[in-house]
2 protein chains.
Amino acid sequence: MSTSNGKTMTNGMISAVVALAVILTSALPSIAQDTDPLPSWNDSQAKKTIVQFVTRVTNKGGPDYVAPEQRIATFDNDGTLWCERPIVQVIYLRQKLDRMSEQTPSQCIELPFLATFDDTIDSLKTKGVLAFLKLFATTHAGMSQREFTAEVEEFFSKTKHPNFDVSIGRVVYQPMVELLKYLRANEFKTYICSGGGIDFMRVVSPKLYGIPPQQVIGSSVRKELQEVEGVWVLTRTGDLNSVNDKNEKAVNIGLHIGQRPLFAMGNVRSGGDIGMLTYSQGRSGRSLQLLLNHDDEEREFAYSEKNGESLQAAKANGWSVVSMKNDWKSIFAFGLPSRVDEKSSLPGE
Amino acid sequence: MSTSNGKTMTNGMISAVVALAVILTSALPSIAQDTDPLPSWNDSQAKKTIVQFVTRVTNKGGPDYVAPEQRIATFDNDGTLWCERPIVQVIYLRQKLDRMSEQTPSQCIELPFLATFDDTIDSLKTKGVLAFLKLFATTHAGMSQREFTAEVEEFFSKTKHPNFDVSIGRVVYQPMVELLKYLRANEFKTYICSGGGIDFMRVVSPKLYGIPPQQVIGSSVRKELQEVEGVWVLTRTGDLNSVNDKNEKAVNIGLHIGQRPLFAMGNVRSGGDIGMLTYSQGRSGRSLQLLLNHDDEEREFAYSEKNGESLQAAKANGWSVVSMKNDWKSIFAFGLPSRVDEKSSLPGE
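Note on numbering: residues in each chain are counted from 1, in written sequence order. A letter from A marks each chain and a number from 1 marks each ligand, given out in the order of writing. Only residues with pLDDT of at least 70 get local features here, since the model is predicted, and only at 80 or more are side-chain atom pairs given and counted; chain-wide, interface and lining totals rely on the full set of residues. Hydrogens and water are ignored here; the side-chain numbers use all heavy atoms of the structure.

Asker: Run through the pairing of strand β6 (residues 288–293) of chain B, naming residues and quoting values.
Answerer: All names here are of chain B. Counting buried positions over the six residues of β6 gives six, a clear majority of the element. Side chains L288, L290 and L292 of β6 all project onto a buried face; the interleaved residues Q289, L291 and N293 project onto the opposite face, where all are buried too. One bridge is not enough; two strands pair if DSSP finds at least two bridges between them. The secondary structure listing takes helices from DSSP runs of H or I that are at least 4 residues long and strands from runs of E that are at least 2 residues long, numbered from the N terminus. Of the pairings in the sheet, the one linking strand β5 (residues 263–267) to β6 comprises five bridges and is parallel in character. In the strand pairing of β6, F263 is matched with L288. For the handedness criterion, the strands are oriented away from the viewer, and a crossover whose path from the first strand over the helix to the second runs clockwise is classed as right-handed. For the handedness criterion, the β-α-β arrangement of β5, helix α10 (residues 274–281) and β6 is classed as right-handed. Strand direction decides the pairing type here: β6 and strand β7 (residues 320–323), joined by four bridges, are parallel. Pairing of L290 across the sheet is with S320, part of β7. Burial classes follow relative accessibility: with a 1.4 Å probe on protein chains only, a residue under 20% of its type's maximum area counts as buried, one over 50% as exposed, and anything between as partly exposed.

Structure (structure tokens):
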């Protein structure tokens, strides 16, 4: 056998090469195992439950093994992957309405809503996600996909979070970013399944979460293929296509993914994730459902649900409740938030 | 430096190891290139166009390089990935209607359609895809996802193709199976985007095409999450959710994928793929659109479009037309089809 420098390798040298190759390749998995994949999680029950579950379903030959093509994980976004006080998309909409009100008055009058922005926001607080999405749809009707994306990108590049002294895209939960990576390292496909607008989330999901657009499911408007200045583009109509909340989350998981999630996680606030977690749990064989509880007034917020139905469903169905206060070592990558005193009155507070 | 057998490696030995590693790793790509990834394609222009395109967009540092996350390829199914004479889902529906007519007459009377199956099929021929999908939706209303999947699996396991002497799932085009694999080997994500039912195709797409359920886009019915015998399941309603044909294909690609396809392929027959190919072509930078022409009476079928709009669109827009007769070395994995004399009267003939 000859090498590129012209010298002949002896059998002993070949053995050495093979031995070295074995050492190098066998060293890689043990290095990966030795590094904690979830460093922002405390070593409490929640982390143990997650790691045990992932270990079981990826253990080839074990009784709970699940093939990689069935390792689907779905996550709510607002309040599960990032902070929902206030809801980021509502901040975006406030800016949009402010810009619109500075333009011709006729445009404002055409909105089938209330006279002032604050009235509108108050109305949204009581009327909920459907009213918000209708206002969102109406105010963006006629925009092409490219125009919409550009507006959202500009929003994220220029806006500070109203409560914390950081830019708006930095309020993602670090433990959740680690969990997404951990699942993907174990050949899970990670999806967002949120009441938020599908196109709004898709602008930032690759950068914030490593989740590509095709793995984002959300509320959507009807679109049309139209020719605009010689190019055929998808334009937004003012009509809602789907409100991805409660049981509709399961319906849209069926439409977009076509199989039940093996792993599903939402949060306590509006009962909006019960349908998704219930649907996941209906899977044949083992599956895992988690609910994030916002109980950390110091490091984020402490808030609960009016009727408590999410925690009741968790108790009744054996879902794991994750406490931000007890189960998370840190919450944001930027550390403890510097509170901004000024109170905004946006939904989610 | 020590190896596992305790001997010390000299610098010369280390150089040899490095050289060997370089030789071994650099050998892999050239082996892959030497094997023709599209052996069922003739060395005609269509194949050259495809290979040149894929080489260009995967050439890192080249002017047309496209990152893997944007390498989206979408394919029509009926007449593009498998034979559409007759349409496979219509054969399935015929069997379903036959079974229903053997059951209680009341069930038949409830169908808002014609008195006999042949009348219904004749009606579908003139009324097109919407009438077919409405009949499909109505006759499957109330079924759970699991029940529906079981029926479709049974159909594929038991049914022979009415024209060719093979089982119904074997009429896939071998050149297209190779093309899908070739694209995936080059880090494309391959999607089906078809007028066929999304759930019908998802049952067989992993096995036939290596395409997982979440990469199948099709026509769909509305579903609901319901509790059936203690388990929450998605059940089919009788209402259509989306008719994935013509411009709606672009709309649904926007909904499911969220970006324009880099590569799109349909076939000549009903103009159903013009919207998808037009949308793909609107992508910034290079993209490729292909139309399959059924011009091989001997090995498959020769048929054209009433108004010729697909070929006209191909000419006007510079899309590549693939001739089954001239560009494909073989069509089916089972070789030349043995024709069955009996003529069925199903749509698609």
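Asker: So what's going on with the nonpolar core? Which residues, and what values?
Answerer: Formed by 68 residues in total, the largest nonpolar core has its most connected members in I50(A), F75(A), L179(A) and F263(A). If we skip the residues at most four places from it in the chain, I50(A) touches L38(A), W41(A), L179(A), Y182(A), F263(A), L288(A) and L290(A). Counting residues in each nonpolar core, the second largest holds 66 residues, with L255(A), W82(B), V90(B) and F188(B) among its members. Only buried residues count toward a nonpolar core, which is a set of Ala, Val, Leu, Ile, Met, Phe, Trp, Tyr and Cys residues joined through side-chain atoms within 4.5 Å. We call two residues in contact when some of their heavy atoms are within 4.5 Å.

Asker: So what about the pattern of salt bridges? Which residues, and what values?
Answerer: Here the idea is simple: oppositely charged side chains can pair when their charged atoms come close. Residues and elements named next belong to chain A. A carboxyl oxygen of Asp or Glu within 4 Å of a side-chain nitrogen of Lys or Arg is what we treat as a salt bridge. On inspection of all chains with the given rule, the structure shows 28 salt bridges over all chains. Note that D36 is salt-bridged to K47, the shortest N-O span being 2.7 Å. Linking D36 in the loop between α1 (11–34) and α2 (45–57) with K47 in helix α2, this pair joins segments that are 11 residues apart in sequence. By relative accessible area, which is 7% here, K47 ends up buried. One salt bridge in this structure joins D199 and R236, with 3.1 Å as the shortest N-O distance. Of this pair, D199 sits in helix α8 (residues 198–209) while R236 sits in strand β4 (residues 231–242), and the two are 37 residues apart along the sequence. Residue D199 is classed as buried on the basis of its relative accessible area, which comes to 6%. A relative accessible area of 6% means that R236 is categorised as buried.

Asker: I'd love a proper account of the packing of helix α3 (residues 88–102) of chain B against helix α6 (residues 145–158) of chain B, names of residues and values included.
Answerer: A pair of packed helices is characterised by two quantities: the angle between their axes and the separation of those axes. All names here are of chain B. At their nearest, the axes of α3 and α6 sit 11 Å apart, and the two run at 110° to each other. It follows from the interaxial angle that α3 and α6 lie roughly perpendicular. Where α3 approaches α6, its residues V88, I91, Y92, Q95, K96 and R99 are matched on the opposing element by F148, E151, V152, F155 and F156. When residues are sorted by character, Ala, Val, Leu, Ile, Met, Phe, Trp, Tyr, Cys and Pro go into the nonpolar class, Asp, Glu, Lys and Arg into the charged class, and all the rest, Gly among them, into the polar class. For the contact of α3 with α6, the residue count by class is seven nonpolar, one polar and three charged. A fitted line through C-alpha atoms serves as each axis, taken over the contacting stretch for helices, and the angle formed by two N-to-C directions is quoted from 0 to 180°. Oblique is the label for any angle not covered by the other classes, which are roughly parallel (under 35 degrees), roughly antiparallel (over 145) and roughly perpendicular (65 to 115).

Asker: Any details on the packing of helix α9 (residues 247–256) of chain B against α10(B)? Residues and values, ideally.
Answerer: All names here are of chain B. Across the interface, α9 lies against α10 with an axial gap of 6 Å and an inter-helix angle of 50°. Here α9 is positioned oblique relative to α10, judged by the angle of their axes. Judged by the sense of rotation from one axis to the other, the crossing of α9 with α10 is right-handed. Across from N247, K249, A250, I253 and G254 in α9, the residues of α10 making contact are G275, M276 and Y279. Each crossing gets its handedness from the near helix: less than a right angle anticlockwise from the far helix is left-handed, clockwise is right-handed.

Asker: Can you tell me about the sheet that holds β6(B), naming the residues and giving the values?
Answerer: All names here are of chain B. Here seven strands make up an open sheet; going across it, the order is β4-β3-β2-β1-β5-β6-β7 and the pairing mixed. The open sheet is flanked by β4 (231–242) and β7, the only strands paired with a single partner. Within the sheet, the average angular offset between the axes of one strand and its neighbour, ignoring direction, is 35°. Relative to strand β2 (residues 189–197), strand β1 (residues 72–75) runs parallel, the two being bridged by four bridges. When the sheet's bridge partners are listed, I72 is paired in β2 with K189. Strands in contact with helix α7 (residues 174–185) are β1, β2 and β5; relative to β1, the strand with the most contacts, it is inclined by about 165°.

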